[in-house]
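Take a look at the letters that make up each chain.
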Amino acid sequence: MPGRIDVERSRVLQAAILSLRSAPTEVRKQVRQTIRAKLAPEFTKQMAERAADSNQARLSSAVLVRGARIAASDQNIRMSTAGSVRALSGGLVPNALGKGVEFGAHAARETTYRRRSVKGKTHSVTRNTTAQMPKRRQRGWAFFPTVNDLTPRFAALWSQTAIRTVYEAFEGRR
């Protein structure tokens, strides 16, 4: 589940991107490393706080917080979560059920199906298939509120860091 920002409306972000395009490779690498080092702890901290507010805090922490990642490039910062295809200890695959954990499900949804008993007879069984999910919330529980809060801060920090690093490189300080 990625989060994005459009830079076409911001002259500062466009200037930062253009300055990085003309910068040497070492300067671009330094910008990416600095951005990742500054943003990743803040993103993970905010995700953990919001996951604790969910009515399924342990599930949200295991799926969303552990999978919270930030990738910085010359042109963007990508925030993502629940990307792992490796099963957790209980068998849950974060990539498959990440959306259900983030947005929840209707608690009273029941599914009826037929099964065969040990004696060979068939009968109907009704199960509550969404009881383990958080309550339904259209705006999300952890990831999307965190992205909405942090995007302006991250964009400002990214542009400041990029412009400052390029400026210092051309001045000969780095």
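Located above this text is the structure these notes cover.
Since the model is a prediction, treat every value here as computed from it, not as a measurement. (Residues numbered from 1 in each chain as written. Predicted model: local features only at pLDDT ≥ 70, side-chain atom pairs only at ≥ 80, totals over all residues. Heavy atoms only, no water.)

Student: Would you take a moment to explain the pairing of strand E1 (residues 69-72) for this structure?
Tutor: The two faces of the sheet receive side chains in turn, since in a regular strand these alternate between them. Residue alternation in E1 divides its side chains into a buried set, Ile-70 and Ala-72, and an unburied set, Arg-69 and Ala-71. Two elements, E1 and strand E2 (residues 77-80), share four bridges in a ladder whose sense is antiparallel. When the sheet's bridge partners are listed, Ala-71 is paired in E2 with Arg-78. Counted between consecutive antiparallel strands, the loop separating E1 from E2 contains four residues. (Buried < 20%, exposed > 50% of the residue type's maximum accessible area, 1.4 Å probe, protein only. Helix = DSSP H or I, 4+ residues; strand = E, 2+ residues; numbered from the N terminus. Pairing = 2+ DSSP bridges.)

Student: I would appreciate a short explanation of the pattern of salt bridges in the present structure.
Tutor: Proximity of charged atoms lets side chains of opposite charge pair with each other. For the structure shown, the criterion picks out four salt bridges. Between Arg-153 and Glu-42 there is a salt bridge, with its nearest N and O atoms 3.6 Å apart. With Arg-153 in helix H5 (residues 143-171) and Glu-42 in helix H2 (residues 25-53), this residue pair connects regions lying 111 residues apart in the sequence. Relative accessible area serves as the criterion here: at 45%, Arg-153 is assigned to the partly exposed category. Its salt-bridge partner being Arg-50, residue Asp-149 comes within 2.0 Å of it at the nearest N-O pair. Of this pair, Asp-149 sits in helix H5 while Arg-50 sits in helix H2, placing them 99 residues apart in sequence. Because the salt bridges share partners, they merge into one network encompassing Arg-28, Arg-32 and Asp-74. (Salt bridge = Lys/Arg side-chain N within 4 Å of Asp/Glu carboxyl O.)

Student: Whenever I open this one, helix H4 (residues 94-103) confuses me. Can you help?
Tutor: Spacing of three or four residues puts side chains on the same side of an α-helix, whose turn is 3.6 residues. For H4, every residue scored as buried is listed here: Pro-94, Gly-98, Val-101, Glu-102 and Phe-103. Lining the buried residues of H4 we find helix H3 (57-65) and H5. Remark: Gly-104 follows H4 within two positions and exhibits a positive phi of approximately 80°. (Contact = heavy atoms within 4.5 Å.)

Student: Is there a simple way to explain the packing of H3 against H4 in this structure?
Tutor: Helices that pack against each other are described as a pair by the angle of their axes relative to one another and the distance between those axes. Interhelical geometry of H3 versus H4 gives an angle of 130° and a closest axis separation of 10 Å. By the angle class used here, H3 and H4 are oblique. You can see that H3 and H4 cross each other, and the crossing is left-handed. Contacts between H3 and H4 pair Leu-59, Ser-60, Val-63 and Leu-64 from the former with Pro-94, Gly-98, Val-101 and Glu-102 from the latter. (Axes fitted to C-alpha atoms, helices over the stretch in contact; angles between N-to-C directions. Parallel < 35°, antiparallel > 145°, perpendicular 65-115°, else oblique. Left-handed = near helix turned anticlockwise from the far one by under 90°.)

Student: What's the story with the environment of Leu-59 in this structure? I'm lost.
Tutor: Secondary-structure assignment places Leu-59 in helix H3. Residues within four places of Leu-59 in sequence aside, it is in contact with Leu-92, Val-101, Gln-132 and Pro-134.

Student: Just checking my understanding: could you explain helix H1 (residues 11-21) for this structure?
Tutor: Where H1 is concerned, the buried positions are Leu-13, Ala-16, Ile-17, Ser-19 and Leu-20. Looking straight down H1, one finds that the buried residues subtend no more than 165° of arc, so they occupy a single side. Residues Arg-11, Leu-18 and Arg-21 are exposed on H1 and point more than 90 degrees away from its buried face. Here the buried face of H1 lies against H2 and H5. (Arc of directions from axis to C-beta.)

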